[in-house]
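Coordinate analysis (summary)
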Amino acid sequence: MKIYIFILIVLISTITFAQVKVSGKVVDENGEPISFADVFFKGSTKGTVSDENGKFYLESDKKYGILIVNFLGFDRKEVALKSHNFDLKIVLKEEAARLDAVEIYSGKVKKKGNPAIAILRKIWAHKRQNGIYLFNQYQNKKYEKIEFDLNNVDEKLKKSKIFKGLEFIFDQVDSSNITGKAYLPIFINEAVYKVYGKNKAPKQYKENLVANKNSGFQNHQSMIAFVKQLYTDYNIYNNYIKIFDKSFTSPVSRTGPSVYNYVLADSSFIGNKWCYKIVYYPRRKNELTFKGQFWVNDTTFALKKITMQATRSANINWVKELYLEQEFDVLNDSVFLLKKDYMMSDFALKKKDKSKGIYGKRTTIYSDYNFNIKHKESFYAKRVNDYSKEIYAKSDGYWKENRLEVLSKDEKGIYKMLDTLRTMRKFKQLFDITATLYSGYWQITKSIDYGPIFSSIGANDVEGTRIRTGARTFSNLNDLARGQIFVAYGTLDKKLKYGISGKWMINKQNRFTIFAGNRKDVEQTGFSLTTINDVLNRSFASAAFFTRGDNFRLTSLNLTNIGFEFEPVNNLQFKVSGTYKTLASASPLFNIDYYRDNTYTDIKSDITQSEVDVSVRYTPNRVNYGYGVERGVSNSGRYPILFLSYTKGFKGLINSDFNYQKLQLYYKQPYQLGGFGRMHSTLEIGKTFGQVPILLMDAVPGNQTLFMAPNTFDLLDYYEFVTDKYAALHIENNFNGRLFSRIPILRKLNLREIVGIRGIIGDVSQANINLNASGINYRAPKNIYWEWHVGVANILKILRIDFVFRGNYKDIPGASQFTIKGGAGFYF
């Protein structure tokens, strides 16, 4: 959804002309479209493959006079090009066709005896002998250009109210060399990197940003990071290519013959290398596959060039077109190195031809390869803070010298036009709306934001309707200090709640930060196993509008926290904090009474507790943006998390009630399973040493809302199980439509299947049972409690429904045996 909001802000244009442009449709003699026909300019390697409806578009900056169209079982046809070459109808005659010395097959391409498959096997055999894999270490220069363009620009769009006062931006437009559609450039980001790598174990990779320039977003790093994380680097020789968090089958994958048809279509010199041309296209619809062609050298079997275009039936949301292209250069007679990598995607709400959207384009060019270098292991360690103002202040002369591809006229115009747009009130308004929807905060002044606006209203059985207002200090993601405050009021309990916190980063190099805060609030403490004493952190279960059963088991807390944290190594964080808190039941229906001592006569209903917490958090492969006290994460959910915590409670310290120790471990790991989708697993282990009442133990997190919540148990009520030692495991796999795509009646719906299971085992010590005076039965899952679910995701592209079944403990009075949970989100 962010990408559709993003299109409303920065706009610009100019125009360029190609020498020849051709569009049309390939059909047979009966007028039926011919899918995946090979279309190319005679005497060139410039070509494309028609889509599922037989349509194609082809463009070149060179002048060609003849277009060749070819497909299995049809005669090759040559079409003379004229001054106007749009909407051509090209009819192929059905006939047993043969290329010179190349055998082809009509219908589905056979695997046995197919010369294209024989060449593919040789590619597999040589893939580890190509490119940078031949060398122990390497380094190179990398230039990256990311551009966004508004496409399908027409008169209706130009006259829309949203562009009133900005009409001058439409004076000139360009057309895409991939689709032929008119587009308007709106954003450009350029970067120069120095890349270092090591192929021998342990493998290493390091990328240093040398220079960065973009059209008006230097202070909005979250948008730049969002754009960059869409386009991650990939290796064409891997079995799967990860794009938009999806695993597309590579055309040169070992699993390729099971999902692609391959045809040896031609052979020709590219430079001084004789290469075979292989055309490929999907065997089935709705799978994460491409159509296109590649040229492969006849001796090294290294790729010289490859084009890949996803079919519109591919199970991916918000993307109408996806096109990739790679070119390889010859270092010597046997080594082919990646020279250019191009990717273009058409983001749109619908996949119809005339629907408007945004082109996202990334061009990456590699140069200055060096393999005669040696670096120690310590060289590859990433610095915690590598910010330098010089990176973002390079001169025009520097960019003229270091751009590995000259900017076109329209790209140069983006920089000039943004300077004008940023002074216009209408543009500022559009930008403010975009930033608010993206961050959840509304900018009041240059350094104060109101929000988060999406937490302004909620409800529960204790507070009734909860109204909340808040603010934070914020200039940009390089702020060294941050302050936050909120005030909330419940219409039922008629009580005022509040929270205030502040943090200050003292040392940029190791991110040494001090923090403090206080919150007086109502909280659902039975919604999480792993304890995090974040002052302003509050679970949505505390104020969810729609719940299953009663939500009165809430806690009144007054929490004060002070401490420090630091990051000596990138993504390895240490934290030490002291907490003073008072806990009490927020409802007369939720009894938390406990015996004050072992005489079991003196009963107390509230808790006063002082404790110290030491924790370590390790998040390898996390990609951060911003250099301030609070950073953003551009690849959320795609990196492992390891969290270890030790808590020590001190009895008698500021009237503290209990002396105890608590150990907790949290480990989350994502897995990319190629054609089988994506799996997530979460492991939580903990134990409390010492005698404590229920609010200081670990309640098994139930979920009484009607929506899915991570690391909870959907069929448990809050406090249905309590423990002082536990081990919990959650596993879920999203198959990304692999199964549904094989069912004809479901194929066009692009649904995605979800399967998951979760379980927990735990116990409560007799000492803690003896302390209980609440009347609540301390039930622990001594035998593993488990539940499983199957789900259907991508309903109307945003909805998900899970069907959850209880595995055991079915005889507990009032226990939920089955439920349906819903969810929504914007995912590719």
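Coordinates for the structure precede this section.
Residues numbered from 1 in each chain as written. Predicted model: local features only at pLDDT ≥ 70, side-chain atom pairs only at ≥ 80, totals over all residues. Heavy atoms only, no water.

**With respect to the sheet that holds strand S7 (residues 88-91)**
What the three strands build is an open sheet, ordered S4-S1-S7; its pairing is mixed. In the strand order of this sheet, the two ends are held by strand S4 (55-60) and S7, each with one partner. Across the sheet, the mean angle from the axis of one strand to that of its neighbour is 35°, orientation sign disregarded. (Pairing = 2+ DSSP bridges. Helix = DSSP H or I, 4+ residues; strand = E, 2+ residues; numbered from the N terminus. Axes fitted to C-alpha atoms, helices over the stretch in contact; angles between N-to-C directions.)

**Regarding helix H2 (residues 115-126)**
The end-to-end C-alpha distance of H2, which contains 12 residues, comes to 17 Å, matching closely the 16 Å that a straight helix rising 1.5 Å per residue would cover. When we look at burial in H2, the residues that qualify are Ala116, Ile117, Ile119, Leu120, Ile123 and Trp124. Along H2, the residues classed as buried sweep out an arc of 160° about the axis, all on the same side. Where the residues of H2 are buried, they touch strand S14 (260-270), strand S15 (273-282), strand S16 (290-297) and strand S17 (303-310). Where H2 begins, the capping side chain belongs to Asn114, and its oxygen is found 2.9 Å from the backbone nitrogen of Ala116. (Expected span 1.5 Å × (residues − 1). Buried < 20%, exposed > 50% of the residue type's maximum accessible area, 1.4 Å probe, protein only. Arc of directions from axis to C-beta. Contact = heavy atoms within 4.5 Å. Polar contact = N/O pair within 3.5 Å; in protein donor to acceptor, adjacent residues only side chain to side chain.)

**Brief notes about the packing of aromatic side chains**
Scanning all chains against the criterion turns up 28 aromatic pairs. Pairing Tyr196 with Phe379 gives two aromatic rings, centres 4.8 Å apart and planes at 85°, and the pair type is edge-to-face. Taken together, the residues Tyr196 in strand S10 (residues 182-198) and Phe379 in the loop between strand S20 (357-370) and helix H5 (396-402) connect sequence positions 183 residues apart. Among the residues examined, Tyr196 registers a relative accessible area of 12% and is labelled buried. Judged by centre distance (5.5 Å) and plane angle (25°), the ring pair of Phe512 and Phe564 falls under stacked. You can see Phe512 sitting in strand S27 (residues 512-523) and its partner Phe564 sitting in strand S28 (residues 555-569), a full 52 residues away along the chain. (Phe/Tyr/Trp six-rings, centres within 6.5 Å; stacked < 30°, edge-to-face > 60°.)

**A short note on the pairing of strand S11 (residues 204-214)**
A regular strand carries its side chains on alternate faces of the sheet. Bridge count between S10 and S11: 10 bridges; the pairing is antiparallel. Looking across to S11, one finds that Glu190 is bridged to Lys213.

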